[in-house]
Structure formats: structure tokens, C-alpha cells
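Letter by letter, the chains look like this.
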Amino acid sequence: MSKESITVIDNRTGEKFDFPILQPTLGPDVVDISSFYKDTGMFTFDRGFTSTASCRSKITYIDGAKGKLMYRGYDISYLATKKTFLDVAYLLLHKELPSEEKLKAFQFELKKRSYINESMKKLFDAFPDNAHPMAILSSAIASLSAFYSDSLDMDTPEEVMEMAHRIIAKIPTIAAFSYRYSQGHPVIYPDLTKGFTENFLFMLRAYPHNYIELKPIEIEALDTIFTLHADHEQNASTTAVRVVASTQAHPYAAISTGVSALWGRAHGGANESVIRQLEMIGSVENVDKYIAKAKDKNDPFRLMGFGHRVYKNFDPRATILKKLRDRLVDELDIDSHLLEIANKIEKIALSDEYFVKRKLYPNIDFYSGLILNALKIPKEMFAVIFVMGRAPGWIAQWIELKEQPDMKIARPRQLYLGPDEKTPKE
Ligand code: SDX
């Protein structure tokens, strides 16, 4: 037994059970209860895994009380202001920030893979025009396993990195194509002379033979948004990716599962819901009514973009986005009407006892929507933007899980409350 342990006493029998305490680099100590069922014959119960560490990880650290976020030891505010999204994607995949030369090589690997198989376009045709882009994206990513069926077993680091490059490079093209199809517009193919983020905006907004002028601030704003979304330790969609990866399913299935899990409005779908909620509230005069609804236990209405499982302080990403949004007010046409409503909600919620007591602060989604709006990105594409940012994080988490020698298939137990045996006796 490690010198540091915790003792559990079953008060019914007086039996004592010791469980080792594992020391993290940062954050709370962890009690290893892997042998709890074997030792005690009992399960533990933890609704929503609020107190459960599901894995060992070296990728991202969050201090929810301090509102701190680090990727591979680098603070998010340093990465968001001093580095590009591709720097951060490289950092997540390779554990260190790239040199100028390595960044160029990484960008080239992505450019080479930014086109999709032409026959994938039939997939877009199969969807109705009003299909949500997240439905198309999750299907298209899963279909990559059919187009690259020769390399589903990732046995070598080279095969893994090939998959990583493919997914990161193709998601923007799939996303842009799915939007263009939904609008009945011709698709714009990747322009390999452009950078990653600029190219996506170009594929989304340009027209054939009609080069649009993108403002540098637009590219910088979207690149920052991608960086802020790049990873976030064991959130719901990353947990979904890890669960699928633990079954030895191929990575395209795991990442496609992540897309589907992220789509939920309690998770990555919240950015779209924030804008829809601001539009529904409609005026600053209505804000008080909706704040009251959010506080009413009998009303299912929740303030989208507020609250977080881990942050019980300001989400550091929200702080960065708020500054960016306020900077963009003059440089881009941020919807002033929606901004006025958002500011009123924020002002009231941050001083209202209901939100203060529950430590409900604005999260990343409360601010990202208005910026994406100003970048002329349609609401239904907001969660897709989240996916484009999160893809390198999901892949890094997938790689880390695969590298763990004692990786086990995820298979939780349950607190069974169903009927006792009632099979009729023969
Ligand atoms: C993301 O996990 C991650 O890291 C996710 C993410 C990432 O980068 O991957 O950060 C991205 O998903 C951000 C969160 C986006 N979702 C939203 O903005 C949706 C609105 N927020 C809530 O649904 C909620 O706050 C969650 C889902 C974010 C967190 O839920 P928890 O941790 O399970 O908290 P809870 O439901 O137990 O709430 C605690 C209390 C409850 O009241 P009481 O029962 O204690 O009286 O706070 C209340 C809740 O009713 N509450 C809210 C509220 N959020 C929580 N009340 C009104 N409005 C809200 N938004």
C-alpha cells in the first residue's frame, strides 16, 4: 500500500479498506479506487462523474477555482495572444511548440490533405438542404473510414500522424462544403496559397472567380477562437472520444462520436443557443423576465452560455473572448442590439444572488456567438467552428489513451433500481 492512502470504513461491519492516494503534478489529489469493487464488493456512485478522474493525462490542466487553463503547460492567454492555432494544434499533438521550420512543415502536411475525395460530395447531396451541418460533419468524418479503409489500424506513429493530419485538414473543407451545399451555392475548393484559418473563411464566403477581401482582424479573431477551443481536458465530448477509442474502434469513429456529443446544447451546441436565446429575448426590457425564468426551479429555461462543471470563476477563455469582442465592436459589425441584451444579462447575472451562490459565470459560449455572427458565420455553423478548434485536442487525447500500456475498455457499472426477479417459475 502506498504510504499515502485513504481508509474507508463500512459502518455496518466495521471493516476497513485502504485505497492509495495518487499525487498529481497540479490539482486535487486522486484516490485510486480501481480495486474498490474487488476489495469491498460494492460500487461507487458518481452522477455525471463530478468527482471522478477517468484517466491519467498530461495534455490540459484546468484550475476551476482560479479560472486557469493550460495546454501542455502553456497558459491559454499566452497561446491565444502570442501563437497561432496551428502552433497550438502542433503543441497538442507533439507535446512542444513548433519551430518556424516545423510549423511550415506541419502547415504543408495539412495543405496536402485539405482536399476531400470528390465522391464524398455525393454525401452532401444525400442530405436535405435544411440538414444541420453537425449532422453532415459527423457523418462525413465517419465516412473517412470508408475512403481510407487501408489504414484503419494505427500501428505506427507515422500512421497516427497521417490520420491526425487528414482529420485536421479535411474538417474545414467538409464544413465549408456542407454549408455551401445547404445554401445551394457552388463549393469553393481549398486555396493552398492561403493559411489554415483564412482558407476556411475563403471557402465559406467566396464565390467562383470572385475573390473576397478578408480583413486581417477577421482571420485573427477566428484563429483565436480556434485556439480557445482546442482542448479542455475530460469534457463530455472528449470522454466520448476516449470511450470509443477504448473499444479499439478506428479513430474516425471516435472523432465522429466527439462531434455528435459536442452538438448537445448543454455542451458545444451552447454557442448557437446563446444567439438564439438573445434573439428570443428580443429586447433589454425582457431580460429581467428571462433571468427570473432561469432562476425558477420549476422552469426548464436555462441561461445559455452561463455555468460550467469545472469553472467556478470566470472561464479564462471567456475573459479573452470578451476583450476580443469589445475590440471588434469598432472593427467589425458586432450586432449592437444583441450585444446590448448580452451586456444586460451579464450585468444582472454577475450580481444576482442565485448565480453568485452557484458560481455561475459566463463561459466561452456566451461570447463566441456574437463574434462568429460578426464574421458572417451562420448560427448553425457555430458548433462546427467548435469542432474545428477541438479536433487537435480530441486527437491528442486519442493518441494519449492509445499510448497507455494499461489502457482498459471503458465499462462503468450501475446502481440498479429495476424490478427484482419476477420470471414465472416453470
Ligand atoms: C462547454 O466541460 C467542459 O469543459 C465543456 C466546455 C469545453 O470546452 O469542452 O467548456 C464547453 O460545454 C461549456 C458549457 C456550455 N453550456 C452552456 O452554456 C449551457 C448552460 N449551462 C448549463 O447547462 C450548466 O451550467 C452546465 C451544463 C454547463 C454545467 O452543468 P453542471 O455542472 O451539471 O451544473 P448543474 O446542472 O448541477 O447546476 C448547478 C446549479 C443547479 O441549480 P441547483 O440545483 O443547485 O439549485 O446551477 C444551476 C442548476 O440549476 N444552473 C443554472 C445554469 N447552469 C447551472 N441555472 C440557470 N442557468 C444556467 N445556465
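Look a little higher up for the structure.
Rules used throughout
Residues numbered from 1 in each chain as written. Predicted model: local features only at pLDDT ≥ 70, side-chain atom pairs only at ≥ 80, totals over all residues. Heavy atoms only, no water. Helix = DSSP H or I, 4+ residues; strand = E, 2+ residues; numbered from the N terminus. Rg over C-alpha atoms; globule rule 2.2 N^0.38 Å. Buried < 20%, exposed > 50% of the residue type's maximum accessible area, 1.4 Å probe, protein only. Contact = heavy atoms within 4.5 Å. Areas by Shrake-Rupley, 256 points an atom, 1.4 Å probe, with all protein chains shown as cover. Lys, Arg positive; Asp, Glu negative; His and termini not counted. Charge placed at Lys NZ, Arg CZ, Asp CG, Glu CD. Pairing = 2+ DSSP bridges. Near = heavy atom within 4 Å. Polar contact = N/O pair within 3.5 Å; in protein donor to acceptor, adjacent residues only side chain to side chain. Nonpolar A, V, L, I, M, F, W, Y, C, P; charged D, E, K, R; others polar.

K.L.:
So what's going on with the overall build of the protein chain? Which residues, and what values?
P.N.:
Helix and strand counts for the protein chain come out as 18 helices and six strands. Rg of the C-alpha trace for the protein chain: 23 Å, near the compact-globule value of 22 Å for 426 residues, within the 12% margin. With 426 residues in all, the protein chain has 49% of them scored as buried. Partitioning the contacts of the protein chain with sequence separation of at least 6, the portion at a separation of at least 24 is 69%. Carbon together with sulfur atoms contributes 53% to the accessible area of the protein chain, which is approximately 21600 Å² in total. Separation of charge centres in the protein chain, based on 55 positive and 56 negative side chains, amounts to 2 Å.

K.L.:
So what about the pairing of strand β4 (residues 60-63)? Which residues, and what values?
P.N.:
For β4 and strand β5 (residues 68-71), the ladder comprises four bridges, and the chain directions are antiparallel. When the bridges of β5 are listed, Ile-62 appears paired with Leu-69. Two successive antiparallel strands, β4 and β5, enclose a turn made up of four residues, where Gly-67 displays a positive phi of approximately 65°.

K.L.:
Could you give an account of the sheet that holds β4, with specific residues and numbers?
P.N.:
Spatially, β4-β5-β6 is the arrangement adopted by the three strands of the open sheet, whose pairing is antiparallel. Each end of this open sheet is capped by a strand with a single partner; those strands are β4 and β6 (74-75). Where β5 lies against β6, two bridges are found, and the strand directions are antiparallel. Note that in β6 the partner of Tyr-71 across the bridge is Tyr-74.

K.L.:
Now, about unusual backbone geometry: what can you tell me, with residues and values included?
P.N.:
The backbone of Lys-359 shows a phi angle near 55°, a positive value even though the residue is not glycine. Mapped onto the elements of the fold, Lys-359 is located in the loop between α16 (353-357) and α17 (364-374). According to the relative accessible area criterion, Lys-359 is partly exposed, its value standing at 43%. A positive phi is found at Lys-376, a non-glycine position, where the angle reads about 60°. Secondary-structure assignment places Lys-376 in the loop between α17 and α18 (382-403).

K.L.:
Go over the sheet that holds strand β2 (residues 15-22) with me, naming the residues and quoting the values.
P.N.:
A sheet is described by the order of its strands in space; here three strands give the open sequence β1-β2-β3, paired in antiparallel fashion. The strands lining the two open edges of the sheet, one partner per strand, are β1 (5-10) and β3 (30-31). Note that β2 and β3 share two bridges and pair antiparallel. From the neighbouring strand, Ile-21 faces β3, where its bridge partner is Val-31.

K.L.:
Which residues make up the site of the ligand, and what values do they have?
P.N.:
In the vicinity of the ligand lie 24 residues, with His-232, His-308, Arg-309, Arg-317 and Arg-390 positioned nearest. Here an oxygen atom of the ligand sits 3.0 Å away from a polar atom, N or O, in the side chain of Arg-302. Protein chains bury 77% of the 1100 Å² of accessible surface belonging to the ligand in isolation. The residue inventory of the shell around the ligand, partitioned by class, reads nine nonpolar, seven polar and eight charged.

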